[in-house]
Amino acid sequence: MARRKNDYLFIPQRRRSHTGIFLLVLLLLAVTVAGALIINHASNKRIVLSSEKVHVMGLAKEYEGFSVLFISDMEASELGSDTAQWKRMLQGKTFHAVVLGGDMVGPGGNYEPLLSLIHTLSTLREDVPIFFIAGDDDPEPILSTARGTPKVRASWVEAAEAAGGIYLDAPMSMPFGKKTVWFSPQYLYEVDVDGMLGSLEKQRQAMEEQGSQYDAEGGAAYRALNYRIEVYQRTSMALKNMKEGDLQIAVNHIPLDDSYIRELIEWADTAKVYNFRNISLLLSGHYCGGQWRLPGGKALYVPDIGWLPTDDRIVGMQRINSLNEYISPGISSSQAYPMKGRLFNPPTVTIISFTARLE
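Residues numbered from 1 in each chain as written. Predicted model: local features only at pLDDT ≥ 70, side-chain atom pairs only at ≥ 80, totals over all residues. Heavy atoms only, no water.

On the secondary structure map, Ala 154 appears in the loop between strand S4 (130–132) and helix H4 (155–163). Each C-alpha atom, one on Ala 154 and one on Leu 143, is 6.2 Å from the other, the two residues being eleven residues apart in sequence. Look past the residues within four positions of Ala 154 in its chain and what remains in contact with it is Glu 140, Pro 141 and Leu 143. (Helix = DSSP H or I, 4+ residues; strand = E, 2+ residues; numbered from the N terminus. Contact = heavy atoms within 4.5 Å.)

Okay, structure coming up:
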């Protein structure tokens, strides 16, 4: 009798196990993530040099091609001390001024990388001024409380100036051919300089009448007050020397809100040369490009702004009404973010060139 191939016609087929496939997918995913993190770590050790053009309508032909190297948010990163990388990156590049846009030292107070960077930049271009401001993460630049020292400027500011930097606390000029370029802290555009100067001098008189300058706390406040008066005196003198048509570049660490910029433009006193409408470029930083970015896409999260913000609020060249604002991607990362480090967001510095040409 012939044997049948199968005595049971309805035996269920044995199910194939998907465990192996699932583990393979997990392994591939882990390898991909690990590879991305390794690549990201390597990219965070290499500074990217980007270039931007700022288009200024009616720009005098003498300013065509004037360029600024803008660096921000270094946060005492060891990249500041990587002399070889800076020299390799900037060798042969043209820039006529350098602006360090704040948070270069960071809350830890280690200013050695900043000093190293200033020294390197000075070596590369001896004739190029290096302006710097303080950011919100930096130690206080001006000492107004008793610290056991008669100094007014903080140690990191004095050290940066001794290394060759210029602390930008008032409008400062640099010649460019037969023309003049002015660099200024942005907040001074919002101040009635002569009115403020008068108010501060009255405060000084009141302190002197009370003898406050002779005790520890009063003495520190008195020295800081004298410093502020001196800043506004220099500002008043600078405003008298500004001419219509001079190029004005303002610096403010934290980008200004769009609505606030429009308000400042609307209320600008156009009878004065030094007014908000005459700013050809506003330089800002602060946001570190969002710090963590999606691959090839947006920033993931920015404090005080929210999730998946558009870049026109946090990084790159912006145009708000008649004002050009450039927000630096920065070099390092801020402690203000819940996510530490930079992800898919390489450290970046920028050479910004002025032009009247529309391309």
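Let's shift gears to the nonpolar core. By size, the foremost hydrophobic cluster in this structure holds 38 residues, and its most contacted members are Leu 69, Ile 71, Trp 86, Val 98, Leu 100 and Leu 114. Elements supplying a minimum of two residues to this core: strand S2 (67–71), helix H2 (83–90), strand S3 (97–100), helix H3 (112–124), S4, H4, helix H6 (216–241) and strand S14 (348–355). Ranked by residue count, the leading element in this core is H3, at six residues. The next biggest cluster of nonpolar side chains, apart from the first, holds 26 residues, and it includes Leu 188, Leu 256, Leu 264 and Leu 282. (Core = buried A, V, L, I, M, F, W, Y, C linked by side-chain atoms within 4.5 Å. Buried < 20%, exposed > 50% of the residue type's maximum accessible area, 1.4 Å probe, protein only.)

Counting across every chain of the model gives eight salt bridges. Close ionic contact of Lys 151 with Glu 158 constitutes a salt bridge, the shortest N to O distance being 3.2 Å. Relative accessible area serves as the criterion here: at 42%, Lys 151 is assigned to the partly exposed category. For Glu 161, the salt bridge goes to Arg 153, with nearest N and O atoms at 2.4 Å. The exposure class of Glu 161 is partly exposed, given its relative accessible area of 29%. When salt bridges that share partners are traced, they join Arg 153, Glu 161, Asp 169, Glu 230 and Arg 234 into one network. (Salt bridge = Lys/Arg side-chain N within 4 Å of Asp/Glu carboxyl O.)

The next point concerns a nonpolar patch on the surface. A cluster of nonpolar side chains, contributed by Leu 294, Trp 307 and Leu 308, occupies part of the molecular surface with about 340 Å² of accessible area. Mapped onto the fold, Leu 308 is located in the loop between strand S11 (306–307) and strand S12 (316–320). (Patch = residues over 30% accessible without salt bridge, like charges linked within 9 Å, V, L, I, M, F, W, Y side chains within 5 Å. Areas by Shrake-Rupley, 256 points an atom, 1.4 Å probe, with all protein chains shown as cover.)

Right, let's talk about helix H5 (residues 193–210) for a bit. Between its first and last C-alpha, H5 extends 26 Å over 18 residues, near the 26 Å set by a 1.5 Å rise per residue. If you check which residues of H5 are buried, you get Val 193, Leu 197, Leu 200 and Met 207. Along the long axis of H5, the arc covered by the buried residues comes to 85°, so they all point the same way. Those residues of H5 that are exposed and aimed more than 90 degrees away from the buried face are Asp 194, Lys 202, Glu 209 and Gln 210. The inward-facing, buried residues of H5 abut H6. (Expected span 1.5 Å × (residues − 1). Arc of directions from axis to C-beta.)

Within the open sheet, the six strands sit side by side as S6-S7-S8-S9-S13-S12. Their pairing is mixed. Looking at the sheet topology across the chains shown, the edges are occupied by strand S6 (172–176) and S12. Between one strand axis and the next, the sheet turns through 25° on average, direction left out of account. Summarising the sheet, S6 and strand S7 (residues 179–185) pair through five bridges and their orientation is antiparallel. Bridge pairing in S7 links Met 172 to Phe 183. Where helix H7 (residues 258–266) meets the sheet, it contacts S12 and strand S13 (323–327), and its direction lies at approximately 50° from that of S12. (Pairing = 2+ DSSP bridges. Axes fitted to C-alpha atoms, helices over the stretch in contact; angles between N-to-C directions.)

Let's shift gears to the packing of aromatic side chains. Applying the stated criterion to the full structure yields nine aromatic pairs. With 6.4 Å between their ring centres and 90° between their planes, Tyr 189 and Phe 276 make a pair best called edge-to-face. Here the residue Tyr 189 occupies a position in the loop between S7 and H5, and Phe 276 occupies one in the loop between H7 and strand S9 (279–284), the gap between them amounting to 87 residues. Classification of Tyr 189 by relative accessible area gives buried; the value is 11%. Take Phe 276: its relative accessible area is 4%, and that puts it in the buried class. (Phe/Tyr/Trp six-rings, centres within 6.5 Å; stacked < 30°, edge-to-face > 60°.)

As far as function goes, none of this settles anything; it's purely spatial.
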